[in-house]
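# Architecture at a glance
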Amino acid sequence: MTDRAAGDQATGAADWVAFEERLARFMRALNEDESVVLAVSDSDHSAKVLALGGGYLHAELSLARKADPSGALVLGWQDSPHGLLAKAKLGPRKLNADVSRREAPRPAGMLVSVLRDVWSTNSPQSLRVSAPDGGPPVEQLQIPVGKG
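From a predicted model like this one, the values you see are computed outputs, not experimental measurements.

Definitions and cut-offs
Residues numbered from 1 in each chain as written. Predicted model: local features only at pLDDT ≥ 70, side-chain atom pairs only at ≥ 80, totals over all residues. Heavy atoms only, no water. Buried < 20%, exposed > 50% of the residue type's maximum accessible area, 1.4 Å probe, protein only. Helix = DSSP H or I, 4+ residues; strand = E, 2+ residues; numbered from the N terminus. Pairing = 2+ DSSP bridges. Salt bridge = Lys/Arg side-chain N within 4 Å of Asp/Glu carboxyl O. Contact = heavy atoms within 4.5 Å. Core = buried A, V, L, I, M, F, W, Y, C linked by side-chain atoms within 4.5 Å. Phe/Tyr/Trp six-rings, centres within 6.5 Å; stacked < 30°, edge-to-face > 60°.

## Points about the pairing of strand β3 (residues 56-63)
- Burial of β3 is extensive: six of the eight residues sit out of reach of the surface.
- Inspection of the sheet shows strand β2 (residues 46-52) paired to β3 by seven bridges, in the antiparallel sense. Within β3, the residue paired with Leu 52 across the bridge is Tyr 56.
- Between β2 and β3, which pair antiparallel and follow one another directly, the connecting turn spans three residues, one of which, Gly 54, has a positive phi of 75°.
- As defined by bridge partners, β3 adjoins strand β5 (residues 93-100) across eight bridges and the pair is classed as antiparallel. Among the inter-strand pairings, His 58 is bridged to a residue of β5, identified as Asp 98.

## What to know about the pattern of salt bridges
- Within this structure, the stated rule accounts for four salt bridges.
- Between Arg 106 and Glu 103 there is a salt bridge; the shortest N-O distance is 3.7 Å.
- On the basis of relative accessibility, which here comes to 42%, the residue Arg 106 falls in the partly exposed class.
- A residue is classified by how much of its surface remains accessible, and Glu 103, at 36% relative accessible area, is partly exposed.
- Between Asp 117 and Arg 116 there is a salt bridge; the shortest N-O distance is 2.8 Å.

## A few points about the environment of Ala 39
- By the secondary structure assignment, Ala 39 is in strand β1 (residues 35-40).
- Taking the relative accessible area as the measure of exposure, Ala 39 reaches 9% and is therefore buried.
- Expressed as a C-alpha distance, the spacing of Ala 39 and Leu 127, which sit 88 residues apart in the sequence, is 5.7 Å.
- Every residue in contact with Ala 39, bar those within four places of it in the chain, is listed here: His 45, Ser 46, Ser 126, Leu 127 and Arg 128.

## Some words on the nonpolar core
- Counting 35 residues, the largest nonpolar core has Phe 19, Leu 61, Trp 77 and Leu 111 as the members making the most contacts within it.
- Every element with two or more residues in this core is listed here: α1 (3-29), β1, β2, β3, β5 and α4 (105-118).
- For Leu 61, the contacting residues outside a window of four places in its chain are Ser 46, Ala 47, Ala 72, Trp 77, Arg 93, Lys 94, Leu 95, Leu 111, Val 114 and Trp 119.

## Section: the packing of aromatic side chains
- Throughout the structure, instances matching the rule amount to one aromatic pair.
- An angle of 85° between the planes, with centres 6.1 Å apart, marks the rings of Trp 16 and Phe 19 as edge-to-face. Of this pair, Trp 16 and Phe 19 are both found in helix α1, three residues apart, which corresponds to roughly one turn of the helix. Just as Trp 16 is buried, Phe 19 falls in that class too.

Function cannot be read off these values alone, since they describe shape.
Set out below in structure tokens:
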């Protein structure tokens, strides 16, 4: 590996660490019924985190129907076979994790692991991040390239 490639790899790793830390703080600060969506550019894969009442978070992965979920299941995601579309095997496959808001670092780490290691997302900068329905500003999740 060249010095430049090693430097680029270290920068990429630092960007993911910084993104995971920001994502955990962001998730912990969500108000009830607020959510954030992380979409992988040029892919059908996405993730959503929704703040629930009682201090809980619901994190959900949407996979293309034919995608292999085994990598995400190993990381602790649970299969979500509920709903009419899931029973009919139509639409995206859903995996989820429900945790207390205090545990936000755990699903943040699970999300980053799926994005980086399972879905091979190059960097957090290549994600499309949004907060539907006028949710919290997502700018605080942005990591400038090499500024982890």
